[in-house]
Each structure stands twice: as C-alpha cells, then as structure tokens.
Amino acid sequence: MARIIDGKAISAQIRGEIAEKVAAFTAQHGFSPSLTVIIVGEDPASLVYVKNKHKACEQVGIKSDIIRLPADVSETELLSLIDKLNNDKGVNGILVQLPLPKHINEESVICRISPKKDVDAFGYENVGRILTGNFDFLPCTPAGVMELLHRSGISVTGKDCVVIGRSNIVGKPMAALLMHENGTVTVCHSKTADLRSHTSRADILVSSVGKAGFVTADMIKDGAVIIDVGINRLQDGKLTGDVDFEGCFEKASYITPVPGGVGPMTITMLLQNTLTAANKQI
Ligand code: NAP
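Residues numbered from 1 in each chain as written. Predicted model: local features only at pLDDT ≥ 70, side-chain atom pairs only at ≥ 80, totals over all residues. Heavy atoms only, no water.

A. Just helix α6 (residues 140-151), in detail. Look at α6: 16 Å from first C-alpha to last across 12 residues, which is about the 16 Å you get at 1.5 Å a residue. For α6, the buried fraction is high: nine of the 12 residues fall into the buried class. Those residues of α6 that fall on the buried side of the exposure criterion are Cys140, Thr141, Pro142, Ala143, Gly144, Val145, Met146, Leu148 and Leu149. Residues of α6 that are buried in the fold lie against α1 (7-29), α7 (171-180), β8 (225-228) and α10 (263-280). (Helix = DSSP H or I, 4+ residues; strand = E, 2+ residues; numbered from the N terminus. Expected span 1.5 Å × (residues − 1). Buried < 20%, exposed > 50% of the residue type's maximum accessible area, 1.4 Å probe, protein only. Contact = heavy atoms within 4.5 Å.)

B. Focus on the sheet that holds strand β4 (residues 93-96). Read across the open sheet, the three strands follow the order β3-β2-β4; overall the sheet is parallel. Across the chains shown, the open sheet's two edge strands, defined by having one partner strand only, are β3 (63-69) and β4. The average undirected angle you get between the axes of adjacent strands in this sheet is 15 degrees. Judged from the seven bridges that link them, strand β2 (residues 34-40) and β3 form a sheet pairing that is parallel. Counted as the bridge partner of Ile39 is Arg68 from β3. Sitting on the sheet, helix α3 (residues 75-86) is in contact with β2, β3 and β4, with an inclination near 175 degrees to β2. (Pairing = 2+ DSSP bridges. Axes fitted to C-alpha atoms, helices over the stretch in contact; angles between N-to-C directions.)

C. Focus on the sheet that holds strand β7 (residues 204-207). Strand order across the open sheet formed by six strands is β1-β11-β8-β7-β5-β6, with parallel pairing between neighbours. Unpaired on one side and paired on the other, β1 (3-4) and β6 (184-188) mark the two borders of the sheet. Contacting β5 (160-164), β6 and β7, α7 crosses the sheet at an angle of about 170 degrees to β5.

D. Representation of the packing of α1 against α10. Interhelical geometry of α1 versus α10 gives an angle of 20 degrees and a closest axis separation of 9 Å. Relative to α10, the element α1 is oriented roughly parallel. Crossing of α1 against α10: the hand is left-handed. Facing α1, whose interface residues are Gly7, Lys8, Ile10, Ser11, Ile14, Arg15, Ile18, Lys21, Val22 and Phe25, α10 presents Pro264, Met265, Ile267, Thr268, Met269, Leu271, Gln272, Leu275, Ala278 and Asn279. Classifying every residue of the contact of α1 with α10 by side-chain character gives 12 nonpolar, five polar and three charged. (Parallel < 35°, antiparallel > 145°, perpendicular 65-115°, else oblique. Left-handed = near helix turned anticlockwise from the far one by under 90°. Nonpolar A, V, L, I, M, F, W, Y, C, P; charged D, E, K, R; others polar.)

E. Expanded view of the site of the ligand. Taken together, 21 residues sit near the ligand, with Arg166, Ser167, Ser190, Ile231 and Thr266 positioned nearest. At 2.5 Å, a side-chain N or O of Ser167 approaches an oxygen atom of the ligand. One nitrogen or oxygen atom from the main chain of Ile231 is found 3.0 Å from an oxygen atom belonging to the ligand. For the ligand, whose unbound accessible area comes to 930 Å², protein coverage reaches 70%. (Near = heavy atom within 4 Å. Polar contact = N/O pair within 3.5 Å; in protein donor to acceptor, adjacent residues only side chain to side chain. Areas by Shrake-Rupley, 256 points an atom, 1.4 Å probe, with all protein chains shown as cover.)

F. Molecular detail of the nonpolar core. If you look at the biggest cluster of nonpolar residues, it comprises 48 residues, and the most contacted ones within it are Leu35, Leu149, Leu178, Val206 and Ile227. Sort the elements by how many residues they give to this core and α10 lands first, with seven residues. Among residues more than four places away in sequence, those in contact with Leu35 are Cys57, Ile62, Lys63, Ser64, Asp65, Gly93, Ile94, Leu95, Val119, Leu270 and Thr274. In this structure, Ala2, Cys188, Leu195 and Val243 belong to the second largest nonpolar core, which totals 18 residues. (Core = buried A, V, L, I, M, F, W, Y, C linked by side-chain atoms within 4.5 Å.)

As structure tokens, this is what we get:
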C-alpha cells in the first residue's frame, strides 16, 4: 500500500516559510515583493486561477495586482503594457494568464516579459537556463513536483523516471529537472510505441496527459512513486487526475492524490518565484 503525498500539507508548510521570508524582506527593504498578473478576456477558468493566485499572494504578504484587458485588446497594446511593467521598479514579477485570444501570439507576449520578472519561467531565456541547469526560476508545476519528492524524502539519483506528456509547461521541464537530479529519464507522448513497456519499469512515474483513468495498476511497477499532474473534470463535476488512484494505491510506494497533490504546489511555487525575483532585483 502506498503512502499518500499530501500536497496540501506540504504546500501549507512551504507557504508558511515563504510568508516568514516575505515579512523579513518587507521589514528590511520597506516594500513588499510584488506580482502583476495580466488577464485578457473573460475565460471563467482563467478568472478563477487569477483570483486564486491573488488570494495566495495576499496570504503570504506579496503585493498582488491584476490588470484586466478586454478580449479584443491588440497584441501591440499588450506588448506595450508589458514594456511598461518591465521598466516599473515597483513590479517584481509579471505573469500573463494563458490561454490568450487567438489573434495574439502567445510566444511573442511571453518572450517580451523581462527574464528577470518572468515568474512562470516560460520565456526563451528561462527555458534555456532550465536546460543548462543555471536557473533562477523554474516553471511552477514541475518545480512543485520536485518539492513534493524532496519533502517526502524521495531521491531521484539512479532512478528510472518516466514522464508521460511533453508539453512546454509540464513534460519537457519536468524531464530536465529529473535529469538534473541524476534520474534516467524517458519522455513518452501520444506517438510512443508500447507505452506500457516504459511505464512498467519506472521507479518514478509522472503523468501529465489530461485523461482520466489513463494510468492503471497493470501499467506500473511494484513500489513505484506515482506523481499525477493531470487535472480532469468528470461528468458529475468532480476533479480527478490521470491515474486510477484506487488501483495504483495498492501497488505504489508513494502516490499523489487529485485534488490535493500537485495542484496546490503550483501556486506555491509562483509565490516562491516572485520572492526570488524580488531578491534578485535588489
Ligand atoms: P498538453 O499540452 O495537452 O499535453 C498533454 C501531453 O500528453 C502531450 O504531450 C501528449 O502527447 C500526451 N498524450 C496525449 N495522449 C497520450 C497518449 N495516449 N499516450 C501518451 N501520451 C499522450 O497538456 P499539459 O498542459 O501538459 O497538461 C497535462 C495535464 O496536466 C492536464 O490535465 C492539465 O490540466 C494538467 N496540469 C496540471 C497542473 C497542476 O497544477 N497540477 C498544471 C498544468 C497542467 P503529444 O505531444 O504527442 O500530443
């Protein structure tokens, strides 16, 4: 039977540590670290994410501003707003909530954010730094997974690590971080032949596919560490991950639940990145 990695508890612990560091920063410098989030349009899920980020910032003492722009804002206007924030000494972190409307090129927008303020770490410079191992910021979800492993006493060195999913925000940086910690990493995707042959030898399996019930007990190794990044909404409205939790729970050594596993760590790592940005800009 697996031990459940309690992302909510670990996240609360880290947020407590961040709040102490933010208080010390504020006392020393006379101002608080600050994050500005830009949201374009009225996508309901994005509005919820932005609200949650704002609340989390307030809880740890980070100053949080939200700039709301209409869905028909031009790319030029958005880029000039980012230029203004890049030059504003009172702004330490900038985040543009994705997705953006179709008429705006996401890559141009993300890469316009100063690398020193790019707290999502999605811009080219930070992506390059992640690959070389010379980084200040890590993308929040993979960074959150690494924290869950560290704080659960799980070492990556020498382990067979399999990541399912190769997105820019989860799968690719996840593979880089596991490699930096001396894991032997395989990245699987929709064109992988014989997925099971890879997953069944994984000591650490990270699933970031976005399909409920995708990873079943017969696909995993006895004693594997199972990290479920997936967030899927079922027809009854409930949230679930990619992993068949009940089945894999019996066979794994550690497992993350959904909700309450990786999810709470993502915003926590954003808070961490904002504090890091503020310290680097002093
Ligand atoms: P994404 O961009 O859609 O990527 C999904 C990946 O899964 C792709 O690389 C895709 O392969 C792969 N895939 C799809 N079907 C597959 C199959 N049959 N076999 C093997 N691989 C398959 O999604 P994402 O942004 O990485 O997010 C993945 C999941 O994580 C979603 O449920 C999302 O909601 C969740 N998520 C959670 C958090 C969090 O805070 N917990 C943060 C971000 C995302 P191809 O590349 O070949 O298409």
